[in-house]
Amino acid sequence: MIASNKKKVLYLPSTPLNVLIAAAHATAFSEEQISQVVLIDQKSLDDNVYFNALNHWQDSPFECVDLTLGQAKGWDKVTERKDNFAKLAGLVEPFQPDVIAVGSDRRVEFQYLMHLCKSKLSAVQGWYLDDGLYSYAGRPYRWFKDAINSVLKKMSYGLWWQEPKTVGASSWIDQAWLFQPSHAVVALQAKQCHLIDPKWFTSDQVKGLSKTVLSNYQVNDSVLQTLQSVGVFLLIPHPNNIKKMTGYEKRIFRFLAFLKQQGVSIAVKYHPRTPLADPLNLVREYNVLLLPSGLAFEFILPFLKWQSHVIGDVGTALLTAQWLRPDLKVTAVLAEEDEFQKTFKRIYEQLGLSIEIEFSNIQGLGNPNSDVCNLKG
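Residues numbered from 1 in each chain as written. Predicted model: local features only at pLDDT ≥ 70, side-chain atom pairs only at ≥ 80, totals over all residues. Heavy atoms only, no water.

A. Quick peek at the overall build of the protein. A count of helices and strands for the protein gives 15 helices and 13 strands. Taken over C-alpha atoms, the radius of gyration comes to 22 Å for the protein, in line with the 21 Å a tight globule of 377 residues would show. Taken over the C-alpha atoms alone, the protein extends approximately 70 × 50 × 40 Å along its principal axes. Buried positions account for 53% of the 377 residues belonging to the protein. Excluding contacts between residues fewer than 6 apart, the proportion of contacts in the protein whose partners are at least 24 apart in sequence is 68%. On the protein, roughly 17400 Å² of surface is accessible, and the fraction owed to carbon and sulfur atoms is 51%. In the protein, the 39 positive side-chain charges and the 37 negative ones have mean positions that sit 4 Å from each other. (Helix = DSSP H or I, 4+ residues; strand = E, 2+ residues; numbered from the N terminus. Rg over C-alpha atoms; globule rule 2.2 N^0.38 Å. Buried < 20%, exposed > 50% of the residue type's maximum accessible area, 1.4 Å probe, protein only. Contact = heavy atoms within 4.5 Å. Areas by Shrake-Rupley, 256 points an atom, 1.4 Å probe, with all protein chains shown as cover. Lys, Arg positive; Asp, Glu negative; His and termini not counted. Charge placed at Lys NZ, Arg CZ, Asp CG, Glu CD.)

Have a look at this one:
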């Protein structure tokens, strides 16, 4: 297929997961399309890990990598976004994309470009690339707040703005690329749906991008080799969520003591919003391999040992682990009496995630009847 007949796809990722999915998708379809990527709504330029990694990715499928900032506050956002619109317009004019792919159609940059391109290229399509929980749980719809937001956006940017009730539901979206299409919210199932293949993320080419990202956090080949001996990878939740989960620290300490006694090699990553490197002193007390908290978990996943355990509680990282590495044993431990954790139970069950109420119930970690792992007291 000659280049002039290839589909031209512009990716607009804004989160680390968006970046990885865009990279994996563009790589998987590199024979069929010409790809460009613009990171949108970014907090920084010079020290932007993902922008730098995409620019230094040797096997990149992207012929152009660019970025727009989202640093302004309050009404200054309007000026900043209009400046970004001008930049984006200048980028799409020579490229003339057939497709614009995004992780959220609530991004004003995406809607602006769809409006601009449709006014000149009526055949342009919008693609939604799965961004996790909202695809399956939906976004809470607050009619009054959303109505006010819609009016403000139309006044600030243009009448082209749409206020989708949930992510991916706007008429700008023609296709949805999803990890579990059959479990997506009804609004997404109404689109033309495609399955995201987990094999895309463990290809040598995409692992090359992940390695480049990891190197920015000083995670070198030696650390990756150590990861290959890790039996359990434990995810620590957001500090605010820990405060909501009664007895969380006590249960974690007992569980890690049990694993240490059983000789199980452990890796730990705190939530990115954790202010200190190791506030629970897990390296000193339990000799864990500590991964940088700021590092997005999805870039670590390709390097975990086959069928190792990933254990956590609330959040989307466990879903990402199940989607990107279906060979892993992924378990959410949700305390039965904790109302906050119970709010995640329904969506986890719907998506087929293994759920336990005690760490001691997880199979394959040693002697489940050990006193050290009795977490009920």
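B. Structural detail: the packing of aromatic side chains. A full pass over the atoms with the stated rule returns 18 aromatic pairs. Their ring planes at 75° and their centres at 5.8 Å tell us that Tyr11 and Phe62 sit as a pair that is edge-to-face. Of this pair, Tyr11 sits in strand β1 (residues 7-12) while Phe62 is found in strand β3 (residues 62-69), placing the two residues 51 residues apart along the sequence. Note on Phe62: relative accessible area 8%, which makes it buried. (Phe/Tyr/Trp six-rings, centres within 6.5 Å; stacked < 30°, edge-to-face > 60°.)

C. Summary view of the pattern of salt bridges. Enumeration over the complete set of coordinates arrives at eight salt bridges. Between Arg106 and Glu163 there is a salt bridge, with its nearest N and O atoms 2.9 Å apart. With Arg106 in the loop between β4 (99-102) and α4 (108-120) and Glu163 in the loop between α6 (143-156) and β6 (175-178), this residue pair connects regions lying 57 residues apart in the sequence. Two residues, Arg284 and Glu285, come together in a salt bridge whose shortest N-O distance is 3.3 Å. The class for Arg284 is exposed, based on a relative accessible area of 62%. (Salt bridge = Lys/Arg side-chain N within 4 Å of Asp/Glu carboxyl O.)

D. Fine view of a nonpolar patch on the surface. Nonpolar side chains collect at one region of the surface, where Trp75, Ile148, Val151, Leu152 and Met155 lie side by side and expose about 580 Å² of accessible area between them. Since its relative accessible area comes to 68%, Trp75 is described here as exposed. (Patch = residues over 30% accessible without salt bridge, like charges linked within 9 Å, V, L, I, M, F, W, Y side chains within 5 Å.)

E. Quick look at the nonpolar core. Ranked by size, the top nonpolar core spans 102 residues in total, and within it Leu227, Phe233 and Val310 carry the most contacts. The biggest single contributor to this core is helix α1 (residues 16-28), with eight residues. The residues contacting Leu227, other than those within four sequence positions of it, are Phe233, Ala267, Leu289, Leu291, Ile300, Phe303, Leu304 and Lys305. Phe255, Leu259, Val333 and Leu365 belong to the second-largest nonpolar core, a separate cluster that totals 23 residues. (Core = buried A, V, L, I, M, F, W, Y, C linked by side-chain atoms within 4.5 Å.)

F. A look at the pairing of β3. Two strands pair when backbone bridges link them, and strand β2 (residues 33-42) and β3 are joined in this way by six bridges, in the parallel orientation. Bridge assignment links Ser35 to a residue of β3, and that residue is Phe62. Chirality of the crossover, the property in question, places the unit of β2, helix α2 (residues 49-55) and β3 among those that are right-handed. (Pairing = 2+ DSSP bridges. Right-handed = clockwise from strand over helix to strand, strands pointing away.)

G. Fine view of the pairing of β1. Sheet topology places β1 next to β2; five bridges connect them, and they run parallel. Looking at β2, one finds that Val9 is bridged to Ser35. Read as a crossover between parallel neighbours, the route from β1 over α1 to β2 is right-handed. Taken together, the four bridges between β1 and β4 define a ladder with parallel strand orientation. Residue pairing for β4: Val9 is matched across the bridge by Val99.

H. The environment of Gln33, seen in detail. With respect to the helices and strands, Gln33 occurs in strand β2. Linking Gln33 and Glu249, residues 216 residues apart in sequence, is a C-alpha distance of 49 Å. Excluding its chain neighbours within four sequence positions, the residues that come into contact with Gln33 are Lys6, Lys7, Val9, Tyr11, His25 and Ala26. Separated by 3.0 Å, the side chains of Gln33 and Ser35 make a polar contact. (Polar contact = N/O pair within 3.5 Å; in protein donor to acceptor, adjacent residues only side chain to side chain.)

I. Here's a closer look at the packing of α1 against helix α8 (residues 204-215). Closest axis-to-axis distance for the α1/α8 pair is 9 Å, and the angle between their directions is 150°. By the angle between their directions, the pair α1 and α8 is classed as roughly antiparallel. The way α1 lies across α8 gives a crossing that is right-handed. For the pair formed by α1 and α8, the contact residues are Leu20, Ala23, Ala24 and Thr27 on the first element and Gln205, Val206, Leu209 and Ser210 on the second. Per-class residue counts for the contact of α1 with α8 are five nonpolar, three polar and no charged. (Axes fitted to C-alpha atoms, helices over the stretch in contact; angles between N-to-C directions. Parallel < 35°, antiparallel > 145°, perpendicular 65-115°, else oblique. Left-handed = near helix turned anticlockwise from the far one by under 90°. Nonpolar A, V, L, I, M, F, W, Y, C, P; charged D, E, K, R; others polar.)

J. Focus on the sheet that holds strand β8 (residues 232-235). Read from one edge to the other, the open sheet built from six strands follows the order β10-β9-β8-β11-β12-β13, with strand pairing classed as parallel. Because the sheet does not close on itself, it has two edges, and the strands there are β10 (289-291) and β13 (354-356). Each strand axis lies, on average, 25° off the axis of its neighbour in the sheet, ignoring direction. Where β8 lies against strand β11 (residues 309-312), three bridges are found, and the strand directions are parallel. Residue pairing across strands places Leu234 opposite Ile311, the latter belonging to β11. Each of β8, β9 (266-269) and β11 touches helix α11 (residues 248-262); the most contacted strand, β8, lies at about 170° to it. The strands that helix α13 (residues 317-324) touches are β8, β11 and β12 (329-333); relative to β12, the one it contacts most, it runs at about 165°.

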